[in-house]
Amino acid sequence: MKPAPERRLVPLWAVFLAIFFAVVLAHWPLLRLPYYWDEAGYYIPAAYDFFRSGSLIPFSTLSNAHPPVPSIYLAGVWKIFGFSPLVTRVAMSLVASLTLTATWELALLTTGRQSIAVASVALTAIYPVFFAQSSLAHADLFSAAATLWAIVFLLKAESRLWLVVVCFSLAALSKETAIVTPLALAIWEAWLGIRSRAPKHFVRAALLCLPVLPLALWYLYHWHRTGFFFGNPEYLRYNATATLTPLRVLVAFAHRVLHITAHMNLFVPVLLMFACMLLPPLKEEDGTVRPRIAPEDQALFYVVILANLIFFSILGGALLTRYLLPLYPLVILLCVNTFRRRFRQWPALVALSAAGFVAGLFVNPPYRFAPEDNLAYRDVIRLHQSAIAQILEHYPHSIVLTAWPVTDELSKPELGYVEQPIPVAAIDNFSFSQIQKAAQLTQPYTAGLIFSTKYDPPHLPFSLGRRNEALDTRFFDFHHDLAPGTIARLLDGVVTWQEQRKGQWAAVLHFDRPQEAKLLYR
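Nothing here was measured: the structure is a model prediction, and the numbers come from that model.

What counts, and where the lines are drawn
Residues numbered from 1 in each chain as written. Predicted model: local features only at pLDDT ≥ 70, side-chain atom pairs only at ≥ 80, totals over all residues. Heavy atoms only, no water. Helix = DSSP H or I, 4+ residues; strand = E, 2+ residues; numbered from the N terminus. Rg over C-alpha atoms; globule rule 2.2 N^0.38 Å. Buried < 20%, exposed > 50% of the residue type's maximum accessible area, 1.4 Å probe, protein only. Contact = heavy atoms within 4.5 Å. Areas by Shrake-Rupley, 256 points an atom, 1.4 Å probe, with all protein chains shown as cover. Lys, Arg positive; Asp, Glu negative; His and termini not counted. Charge placed at Lys NZ, Arg CZ, Asp CG, Glu CD. Expected span 1.5 Å × (residues − 1). Arc of directions from axis to C-beta. Patch = residues over 30% accessible without salt bridge, like charges linked within 9 Å, V, L, I, M, F, W, Y side chains within 5 Å. Salt bridge = Lys/Arg side-chain N within 4 Å of Asp/Glu carboxyl O. Pairing = 2+ DSSP bridges. Right-handed = clockwise from strand over helix to strand, strands pointing away. Phe/Tyr/Trp six-rings, centres within 6.5 Å; stacked < 30°, edge-to-face > 60°. Core = buried A, V, L, I, M, F, W, Y, C linked by side-chain atoms within 4.5 Å. Axes fitted to C-alpha atoms, helices over the stretch in contact; angles between N-to-C directions. Parallel < 35°, antiparallel > 145°, perpendicular 65-115°, else oblique. Left-handed = near helix turned anticlockwise from the far one by under 90°. Nonpolar A, V, L, I, M, F, W, Y, C, P; charged D, E, K, R; others polar.

**Student:** Looking at this structure, how should I read the overall build of the chain?
**Tutor:** Each helix and strand in the chain was counted, giving 22 helices and five strands. The C-alpha radius of gyration of the chain comes to 24 Å, within 12% of the 24 Å expected for a compact globule of 522 residues. By principal-axis analysis of the C-alpha atoms, the chain measures approximately 80 × 50 × 45 Å. Counting all 522 residues of the chain, 56% fall into the buried class. Restricting to contacts in the chain with at least 6 residues of sequence separation, those with at least 24 account for 75%. For the chain, the computed accessible surface area is about 22800 Å², with 66% contributed by carbon and sulfur atoms. A distance of 8 Å separates the average location of the 42 positive side-chain charges in the chain from that of its 33 negative side-chain charges.

Rendered as structure tokens:
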């Protein structure tokens, strides 16, 4: 039985406005930052192409067959308010606010308590992965918002099922991988129908399959325009065909379990939840036992969580935590409700979890992670801005040796780093093999902008040894970047500027003459 809901003190629109104001205020120092990593590499160019030409298929970057909702939304906002990082990031903060409003509604539906809704929204908002993604122009935030609203409508009356279909369709047309959630829930409903022989479950299962249709139409359109169903062949190989080995799936699943239970101090509320489960349930003032989230609602949460963990262990070349963005509010809600149900001073546990999340925003973990998982991405942007300023001041007419995403930052003024394009000589990263390649390039580069392409803490207490590093290299594109001085020596250059920020670095190199082709040896 579901708990009886409390009388709502404020309407839902007021909750949304309050959340939006808080999100924008909390992100204010970040809203003018130029575009970062995958924003610069795909999402902003794709949206900018649609903004300029009306083409849903990007032409200034390789098409990955990502669906068009993010591009349409951003282009529409730019049309009204102008093209700038500030406009983009405020627009993404609005999407984040919709996601948090769905979390609020989900907490009320499953627990009936506004205090739990407030705590769940607050913890989700400051959880480092969600906070960092709340102003970044990635498709995953769109799919998270639509997915959570679909779950909200699924838990409401049967008359809302058409809204479930609409929201799941929007989720899939924002990020194709979001289709896993309605399909997993369709299988679950079909199983419930087999067990109970109730026709309504089969109807729900059929409706939950409908979001496949608009996604299929998008892929047909993409094939018609490009000749490829699922994006360029290299993208498909990296994210699908190259990931389908049993060992890789098992290793990825272990990573995914850690992402949803421990990453960025999520272990604080999760461990506190398990500790609380050792205590007996408390009683309300009227003598009734404080309710748990209804078993059928918990089962729905677990189906969504497990399906996504398995799916993103099989597909996706990079183990980015933003792929799991719809799951974090569910985990946090389960934790908070357990706190209240079993521990009388439960707000103290919420405060302890919040302290862990705030610390995770500013303090990098003692293991390798993607800088976009906390405010480390800001440090990357600042380093790149400083290095590019050195290039513009001292080597404005040089061909610059560098790697992605700086290749795009230098050559595409719309990304916010330069006013005029600067020619580049591109390599993949700054590992030894790629520096060998750089030595053989025929392009006459006279400057280099090198940087840490992976966060690699200097002291790694949680390294699992050479075996683990070999697996990360084999399956997840791990590599060691050479130090700036080493690169300078190998390419007969000099380091003219370098800077570090919390384990990440950037440097500018100068070469007196065009590099002649040569072969490097260890």
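Further notes follow.
**Student:** What exactly am I supposed to notice about helix H17 (residues 346-362) here?
**Tutor:** Every α-helical turn comprises 3.6 residues, leaving residues that sit three or four positions apart pointing alike. The end-to-end C-alpha separation of H17 is 25 Å, in line with the 24 Å expected for 17 residues at 1.5 Å each. Of the residues making up H17, those classed as buried are Trp346, Leu349, Val350, Ser353, Ala354, Gly356, Phe357, Gly360 and Leu361. Buried residues along H17 cover an arc of 160° about the axis, so they all sit on one side. Contacts made by the buried residues of H17 are with helix H5 (114-126), helix H6 (128-133), helix H14 (267-276) and helix H16 (327-342).

**Student:** So what exactly am I meant to see when it comes to helix H11 (residues 212-226) here?
**Tutor:** Across its 15 residues, H11 extends 21 Å between first and last C-alpha, which sits within 8% of the 21 Å expected from 1.5 Å per residue. Listed as buried for H11 are Leu215, Trp218, Tyr219 and His222. The buried residues of H11 occupy an angular sector of 95° when the element is viewed end-on, so they sit on one face. Projecting away from the buried face of H11 at angles above 90 degrees are the exposed residues Leu213, Leu217 and His224. Considering only its buried residues, H11 is in contact with helix H8 (161-172). Note on H11: the residue one or two positions beyond its end, Gly227, has a positive phi of about 90°.

**Student:** Just to check I follow, could you spell out the environment of Ala102 for this structure?
**Tutor:** Locating Ala102 in the fold gives a position in helix H4 (residues 85-111). A relative accessible area of 0% means that Ala102 is categorised as buried. Once the C-alpha coordinates of Ala102 and Leu383 are considered, the two residues, 281 residues apart in sequence, prove to be 36 Å apart. Setting aside its immediate chain neighbours within four residues, Ala102 contacts Leu148, Trp149 and Val152.

**Student:** Is there a simple way to think about a nonpolar patch on the surface in this case?
**Tutor:** There is a patch of nonpolar side chains on the surface, built from Leu217, Leu220, Trp223, Phe229 and Phe230 and spanning about 510 Å² of accessible area. Topologically, Phe230 is positioned in the loop between H11 and helix H12 (233-239).

**Student:** It is not clear to me how the pairing of strand S1 (residues 400-403) should be interpreted in this structure. Could you clarify?
**Tutor:** Looking along a regular strand, one sees side chains alternate from face to face of the sheet. Here S1 shows no split at all, with Val400 and Thr402 on one side and Leu401 and Ala403 on the other all buried. With four bridges connecting them, S1 and strand S2 (residues 424-427) associate as parallel partners. Looking at the pairing, Ala403 lines up with Ile427 of S2. For the handedness criterion, the β-α-β arrangement of S1, helix H19 (residues 406-411) and S2 is classed as right-handed. As paired elements, S1 and strand S3 (residues 447-451) share two bridges and run parallel to each other. If you follow Val400 over to S3, its bridge partner there is Ala447.

**Student:** Looking at this structure, how should I read the packing of aromatic side chains?
**Tutor:** Enumeration over the complete set of coordinates arrives at 21 aromatic pairs. On the basis of an interplanar angle of 65° and a centroid distance of 5.0 Å, the ring pair of Tyr127 and Phe357 is categorised as edge-to-face. Linking Tyr127 in the loop between H5 and H6 with Phe357 in helix H17, this pair joins segments that are 230 residues apart in sequence. Taken as a pair, Tyr127 and Phe357 share a single burial class, namely buried. Here a set of aromatic residues connected by ring pairs shows up, and it is made of Tyr36, Trp37, Tyr377 and Trp404.

**Student:** Just checking my understanding: could you explain the nonpolar core for this structure?
**Tutor:** Counting 143 residues, the largest nonpolar core has Leu106, Phe339, Tyr377 and Leu491 as its most contacted members. When residues in this core are grouped by element, the largest group, twelve residues, is from helix H7 (residues 139-155). Leaving out residues up to four positions away in the same chain, Leu106 has contacts with Leu148, Ile151, Val152, Leu155, Phe301, Leu330 and Leu333. In this structure, Ala65, Ala172, Leu173 and Trp218 belong to the second largest nonpolar core, which totals nine residues.

**Student:** What is the right way to read the sheet that holds S1 from this model?
**Tutor:** Picture the strands of a sheet paired through backbone hydrogen bonds; they go either parallel or antiparallel. Read from one edge to the other, the open sheet built from five strands follows the order S2-S1-S3-S5-S4, with strand pairing classed as mixed. At either margin of the open sheet sits one strand with a lone partner, and together these are S2 and strand S4 (494-501). Strand-to-strand twist across the sheet, computed as the mean angle between neighbouring axes with direction ignored, equals 20°. Packing of helix H20 (residues 432-439) onto the sheet brings it into contact with S1 and S2, and relative to S2 it is tilted by some 145°.

**Student:** Even after reading the chapter, I still don't get the pattern of salt bridges, so can you show me in this structure?
**Tutor:** Note that side chains of opposite charge can pair when their charged atoms are close. As enumerated under the stated definition, the model contains 13 salt bridges in all. When the shortest N-O distance is used, the salt bridge between Asp49 and Arg52 registers 2.7 Å. Here the residue Asp49 and the residue Arg52 both occupy positions in helix H2 (residues 38-53), the gap between them amounting to three residues, near one helical turn. The shortest N-O distance in the salt bridge between Lys175 and Asp140 comes to 2.9 Å. One end of the pair, Lys175, is in the loop between H8 and helix H9 (180-196); the other, Asp140, is in helix H7, and 35 residues separate them in sequence. The pair Lys175 / Asp140 is uniform in exposure class, with both members buried. Taken together, the shared-partner salt bridges in this structure form one network comprising Asp38, Asp140, Lys175, Arg322 and Glu372.

**Student:** Which parts of the structure should I look at to understand the packing of helix H13 (residues 246-261) against helix H15 (residues 295-314)?
**Tutor:** Each pair of packed helices can be summarised by the angle the axes make with each other and by the distance between the axes. Their axes nearest at 8 Å, the elements H13 and H15 cross at an angle of 135°. One element, H13, and the other, H15, form an angle in the oblique class. Between H13 and H15 lies a crossing of right-handed hand. Facing H13, whose interface residues are Arg248, Val249, Ala252, Phe253, Arg256 and Ile260, H15 presents Leu309, Ile310, Phe312, Ser313 and Ile314. In terms of residue class, the contact of H13 with H15 is built from eight nonpolar, one polar and two charged.

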